[in-house]
Amino acid sequence: MTSPTAAVIRTESRLFARERLSLFWIVLFPSLLLGVLGLIPSFREESADFGGRSLIDLYVPVTVLLSMIMASIMTMPATLTGYRENGILRRLGTTPAKPFAILLGQVLVHAAAVAASSVIVIVLGRVAFGTPLPESVVGYAVAYVLALIVSLGIGAAITAVSPNAKAGQVVGMVVFFPCMFTAGVYFPVEVFGGTVRDVISLTPYGAASNALNDATAGSFPELVDLAVMGGWAVVLYVIAVRIFRWE
């Protein structure tokens, strides 16, 4: 017999599979961006300023983080605030399946979409442009999981502080562009130095970018970058838990 929670998760998976626009932005857009950038000759040239790597090498972890940003900031909060605004969470609370099941289902389907996007990006970069695979597999896995956790924490916090879907869109857009900047979408984090780099490294995606780049280069991520992601994750989930309302 299928449990109510499993039934909700299965339903959420089916509904998410029909959201072609969300799937495009999460799964396909990062790889398309990487492909376009890889066609620029200067992006494929190795540079001593980047430790013998090319810009396209640096953009592989950036596009991995981009898929997380799209999932956690642009799509998941909009879905959950829409559910709340339309009374779906309230009605679900009167059934054997509790509203928490929807949260779990949303987290799982978005995490799966991000994982699929990450695999496509890494394989595309390697096959099309010869970008290096992560040399520290364990370090990359640790950094990746922490980055995904803190990303979903951002989405949960946005959902918690947004009373309706329109407010969620506004808050999401306010958070979206700084996250894109600190993740290195506009300029890879390695381009910056000094105080600017230090400040960026204190943000969730700045620390994630540092950690993924370290693991790709073969070293285990700096503990300070892992601590920054972990600290942000704790703060974000505490905010989400304390503020979130089902109605």
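Preceding this section is the structure that the text describes.
Residues numbered from 1 in each chain as written. Predicted model: local features only at pLDDT ≥ 70, side-chain atom pairs only at ≥ 80, totals over all residues. Heavy atoms only, no water.

A. A look at the overall build of the chain. In terms of helices and strands, the chain carries 10 helices and 2 strands. Listing the helices and strands of the chain from first to last along the sequence gives α-α-β-β-α-α-α-α-α-α-α-α. By the compact-globule yardstick of 18 Å for 247 residues, the chain fits well, its C-alpha radius of gyration being 19 Å. Looking at the chain as a whole, 49% of its 247 residues qualify as buried. Long-range contacts, defined as pairs at least 24 residues apart, comprise 72% of the intrachain contacts of the chain with a sequence gap of at least 6. Carbon and sulfur atoms provide 69% of the accessible area of the chain, an area that totals close to 11800 Å². Computed over 15 positive and 14 negative side-chain charges, the separation of the two mean positions in the chain equals 19 Å. (Helix = DSSP H or I, 4+ residues; strand = E, 2+ residues; numbered from the N terminus. Rg over C-alpha atoms; globule rule 2.2 N^0.38 Å. Buried < 20%, exposed > 50% of the residue type's maximum accessible area, 1.4 Å probe, protein only. Contact = heavy atoms within 4.5 Å. Areas by Shrake-Rupley, 256 points an atom, 1.4 Å probe, with all protein chains shown as cover. Lys, Arg positive; Asp, Glu negative; His and termini not counted. Charge placed at Lys NZ, Arg CZ, Asp CG, Glu CD.)

B. Fine view of the nonpolar core. Membership of the largest hydrophobic core comes to 66 residues, with the highest contact counts inside it found for Ile 26, Val 64, Leu 65, Met 68, Ile 69, Tyr 144 and Tyr 205. Considering each element in turn, this core owes the most residues, 17 residues, to helix 3 (residues 55-85). Ignoring sequence-local partners within four residues, the contact set of Tyr 205 consists of Leu 65, Met 68, Ile 69, Ser 72, Ser 151, Ile 154, Cys 179, Thr 182 and Ala 183. (Core = buried A, V, L, I, M, F, W, Y, C linked by side-chain atoms within 4.5 Å.)

C. Molecular detail of empty space enclosed by the protein. In the structure shown here, the tally under the stated rule is 1 cavity of 30 Å³ or more. In this structure, the largest cavity occupies an estimated 60 Å³ of space. Together, Asp 57, Val 60, Pro 61, Ile 122, Thr 131, Pro 132, Leu 133, Pro 134, Tyr 140 and Thr 216 line the largest cavity. Take the lining of the largest cavity: its biggest share by element is 3 residues, from helix 3. Residues of the lining of the largest cavity, tallied by class, amount to 7 nonpolar, 2 polar and 1 charged. (1 Å grid on protein atoms, 1.4 Å probe; cavity = no way out; pocket = protein on both sides within 12 Å on 5 of 7 lines; lining within 4 Å. Points joined across faces, edges and corners; volume = space filled by probe spheres on them. Nonpolar A, V, L, I, M, F, W, Y, C, P; charged D, E, K, R; others polar.)

D. Structural context of the packing of aromatic side chains. Taken as a whole, this structure holds 5 aromatic pairs when the rule is applied. Relative to Phe 29, the ring of Phe 24 has its centre 6.4 Å away and its plane inclined at 50 degrees; by these criteria the two rings are tilted. Note on Phe 29: relative accessible area 23%, which makes it partly exposed. Counting every residue linked through ring pairs, the aromatic cluster contains Phe 24, Trp 25 and Phe 29. (Phe/Tyr/Trp six-rings, centres within 6.5 Å; stacked < 30°, edge-to-face > 60°.)

E. Layout of the layout of surface pockets. Looking at the largest pocket, its volume works out to about 350 Å³. Considering the residues around the largest pocket, the lining is formed by 14 residues, among which Phe 100, Leu 103, Val 107, Ala 156 and Tyr 237 are closest to the centre. Those elements giving two or more residues to the lining of the largest pocket turn out to be helix 3, helix 5 (100-129), helix 6 (137-161) and helix 10 (223-243). Tallied by class, the residues present in the lining of the largest pocket amount to 13 nonpolar, 1 polar and no charged.

F. Inspection of the packing of helix 1 (residues 4-17) against helix 5 at higher detail. With their axes 8 Å apart at the nearest point, helix 1 and helix 5 run at an angle of 45 degrees to one another. Taken as axis vectors, helix 1 and helix 5 run oblique relative to one another. Once helix 1 is placed against helix 5, the crossing between them reads as right-handed. When helix 1 is examined against helix 5, the residues Thr 5, Val 8, Ile 9, Glu 12, Ser 13 and Phe 16 are found in contact with a partner set consisting of Ala 101, Ile 102, Leu 104, Gly 105, Gln 106, Leu 108, Val 109, His 110 and Ala 113. Classifying every residue of the contact of helix 1 with helix 5 gives 9 nonpolar, 5 polar and 1 charged. (Axes fitted to C-alpha atoms, helices over the stretch in contact; angles between N-to-C directions. Parallel < 35°, antiparallel > 145°, perpendicular 65-115°, else oblique. Left-handed = near helix turned anticlockwise from the far one by under 90°.)

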